[in-house]
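Read off the chains here:
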Amino acid sequence: MKAVINRIIPFSSVDGPGNRTAVFFQGCNIDCKYCHNPETRGICRNCGACVDVCPTGALSYTEEGIVCYDGAKCVQCDTCIHICPHDSSPRTQEMTPEEVYERVKRQIPFIRGISVSGGECMLQPDFLTRLFFLARADGLTTMIDSNGTIPFRGYPGLMEVTDGVMLDIKAFDGAEHRKVTGASNETVLANAVYLAEHAKLYEVRVVVAPGLYDAERSVKEMGAFLAPYRKIHDFRIKLIAFRPMGVRKQYAHYGVPDAAYLNRLAELLRDLGYKDIVIT
Ligand code: SF4
Ligand code: SF4
């Protein structure tokens, strides 16, 4: 069993509770306008466009025409990901769950757990199940960061070894969600309920991008929809301000929300009884 891994960050304090090793999977199934790492969306097609522009010769072809990457020569200039016509990166690696876990294990004395993200990591549920099984055996906690478009209900084995999920709700209204992501939010909302009912909803993430959708209405309606589930298990809501860094040029024009606007959204949630609200 293998998955394409974009990168592994040994220490992260923003991908779940405590200090964690974060694993980013390559490949996504939706198209968020505000995606700030669009190079994780596609799988490399070995077109070679990046090989010709790499200034240090870190990229080359194998005899079979596969693009390969030499990390020792790379200066992290990102020229390759900017030129890639397929929203991909040549700096990815195909790995087994055991190989990924070997990289996680090195941090064990210093981390509370492992978090998986992307791309969309739920496109690889069997890989996650195996990886989390290994992590749990060493006493690490396990968190999933997901866009919510893959039904968690369909993977009871994975849920058994998962401590919590950080779920994106990119818009509460179906038409607005489609505008933001190109996809329906029916499964996302069903996932929110399923995870909340099973005490696995750790955090709901909302990117606030003025001009793209009505965040105020969305936060209010989403907050009211999920509020009853806080009785089962409380969860955090994280309001994330849109920032244009890394966003594709054609989508970088959305406004950056100011502190007053973000505080107003937080206030709406407080009025609904939410206590754990983070603005970032
Ligand atoms: S970031 Fe990409 S283009 Fe730049 S040196 Fe590394 S491989 Fe080459
Ligand atoms: S990373 Fe992109 S540009 Fe480079 S070979 Fe793969 S698809 Fe082509």
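Thresholds, definitions, all that
Counting restarts for each chain, with residues numbered from 1 along the sequence as it is written. Numbering of ligands from 1 and lettering of chains from A proceed in the order in which they are written. Owing to the predicted nature of the model, reporting of local features is limited to residues with pLDDT of at least 70; listing and counting of side-chain atom pairs is limited to 80 or more, with chain, interface and lining totals taken over all residues. In computing side-chain values, all of the structure's heavy atoms are included and hydrogens and water are not. In DSSP terms, a helix is any run of H or I states spanning at least four residues, a strand is any run of E spanning at least two, and both are numbered starting from the N terminus. Throughout, the radius of gyration refers to the C-alpha atoms, and the reference size of a globule is 2.2 Å times the residue count to the power 0.38. Residue contacts are counted whenever heavy atoms from the two residues lie within 4.5 Å of one another. Residue burial considers only the protein chains on display, and all accessible areas are found by Shrake-Rupley using a 1.4 Å probe. Think of it this way: Lys and Arg go in the positive column, Asp and Glu in the negative one, and His and the chain ends go nowhere. Each charge is placed at NZ for Lys, CZ for Arg, CG for Asp and CD for Glu. Throughout, near means a residue has at least one heavy atom within 4 Å of the molecule or strand. Here the term charged refers only to Asp, Glu, Lys and Arg, the term nonpolar to Ala, Val, Leu, Ile, Met, Phe, Trp, Tyr, Cys and Pro, and the term polar to all other amino acids, Gly among them. For salt bridges, the criterion is a side-chain nitrogen of Lys or Arg within 4 Å of an Asp or Glu carboxyl oxygen. The cut-offs for exposure are 20% and 50% of the maximum accessible area for each residue type, with area from a 1.4 Å probe on protein chains only; residues under the lower value are buried, those over the upper are exposed, and the others partly exposed. Comment: arc refers to directions from the helix axis out to C-beta atoms. Each polar contact in these results corresponds to two N or O atoms within 3.5 Å; when the atoms are within protein, one needs to be able to donate a hydrogen and the other to accept it, and residues that are neighboring in sequence are counted only if both atoms are side-chain atoms. Stacked, tilted and edge-to-face pairs are distinguished by plane angle, under 30 degrees for stacked and over 60 for edge-to-face with tilted covering the rest, among Phe, Tyr and Trp rings (Trp via its six-membered ring) whose centres lie within 6.5 Å. By definition here, charges over rings are those cases where NZ of Lys or CZ of Arg is within 6 Å of the ring centre and within 35 degrees of the ring normal. Here the axes come from fitting lines to C-alpha atoms, over the contacting stretch only for helices, and the angles between their N-to-C directions go from 0 to 180 degrees. Small angles under 35 degrees read as roughly parallel and large ones over 145 as roughly antiparallel, with 65 to 115 read as roughly perpendicular and the rest as oblique. Two helices crossing with the near one rotated counterclockwise from the far one by less than a right angle form a left-handed crossing, whereas a clockwise rotation gives a right-handed crossing.

S.K.: Can you walk me through the overall build of the chain in this structure?
M.R.: Helix and strand content of the chain: nine helices and eleven strands. Compactness check: the chain gives a C-alpha radius of gyration of 19 Å against a globular reference of 19 Å for 280 residues, within 12% of the reference. Principal-axis analysis of the C-alpha atoms gives the chain an extent of 60 × 45 × 30 Å. Put simply, of all contacts in the chain between residues at least 6 apart along the chain, 66% involve residues at least 24 apart. Only carbon and sulfur atoms are counted for the fraction: they give 52% of the accessible area of the chain, which is about 12,800 Å². Within the chain, the 33 negative side-chain charges are centred at a point lying 3 Å from the centre of the 32 positive side-chain charges.

S.K.: In this structure, what is going on with the site of ligand 1? I would like to understand it.
M.R.: With respect to spatial proximity, 14 residues lie near ligand 1, and among them Cys54, Cys74, Cys77, Asp78 and Cys80 are the closest. Taken together, the residues that form the shell around ligand 1 break down as nine nonpolar, three polar and two charged.

S.K.: Looking at this structure, I do not really get the pattern of salt bridges. What am I missing?
M.R.: Pairing of side chains with opposite charge becomes possible as their charged atoms draw close. In this structure the tally under the stated criterion is 20 salt bridges. With a shortest N-O distance of 2.7 Å, Glu98 and Arg130 are connected by a salt bridge. Here Glu98, found in helix H3 (residues 97-105), pairs with Arg130, found in helix H4 (residues 125-137); they are 32 residues apart in sequence, far enough to count as distant. Judged by its relative accessible area of 30%, Arg130 falls in the partly exposed class. For Arg270, the salt bridge goes to Glu267, with nearest N and O atoms at 2.9 Å. Of this pair, Arg270 and Glu267 both sit in helix H9 (residues 259-271), separated by three residues, roughly a single helical turn. Note on Arg270: relative accessible area 41%, which makes it partly exposed.

S.K.: For this particular structure, what's the right way to read helix H6 (residues 174-181)?
M.R.: Of the positions making up H6, those classed as buried are Glu176, His177, Val180 and Thr181. Each buried residue of H6 sits inside an arc of 115 degrees when the element is viewed along its axis, so together they form one side. Buried positions along H6 lie against helix H7 (186-197) and helix H8 (215-226). Two or three places before Ala175, at the opening of H6, Asp173 has a side-chain oxygen 3.1 Å from that residue's backbone nitrogen. The positive-phi residue at the C-terminal boundary of H6 is Gly182, with phi of around 80 degrees.

S.K.: Hey, could you run me through the environment of Asp258 in this one?
M.R.: Mapped onto the fold, Asp258 is located in the loop between strand S10 (236-241) and H9. Residue class for Asp258 comes out partly exposed when judged on its relative accessible area of 48%.

S.K.: Is there a simple way to think about the site of ligand 2 in this case?
M.R.: As a matter of local geometry, ligand 2 sits amid 13 residues, with Cys44, Cys47, Gly48, Cys50 and Cys84 nearest to it. When its residues are assigned to classes, the shell around ligand 2 shows eight nonpolar, four polar and one charged.

S.K.: Got a minute to help me understand the packing of aromatic side chains in this structure?
M.R.: Working definition: an aromatic ring pair is given by the centre-to-centre distance plus the angle between the planes. For the structure shown, the criterion picks out five aromatic pairs. The ring of Phe24 carries the charged tip of Arg7 above its face, separated from the ring centre by 4.2 Å. The ring of Tyr274 carries Arg230 above its face, with NZ or CZ at 5.2 Å from the centroid.

S.K.: Even after reading the chapter, I still don't get the packing of H3 against H4, so can you show me in this structure?
M.R.: Orientation of H3 relative to H4, taken along the N-to-C sense of each, is 40 degrees, at an axis distance of 9 Å. Here H4 runs oblique to H3, going by the angle between their axes. Every pair of crossing elements has a handedness; the one defined by H3 and H4 is right-handed. Every residue of H4 that contacts H3 at Pro97, Glu98, Val100 and Tyr101 is listed here: Phe127, Arg130, Leu131, Leu134 and Ala135. Residues of the contact of H3 with H4, tallied by class, amount to seven nonpolar, no polar and two charged.

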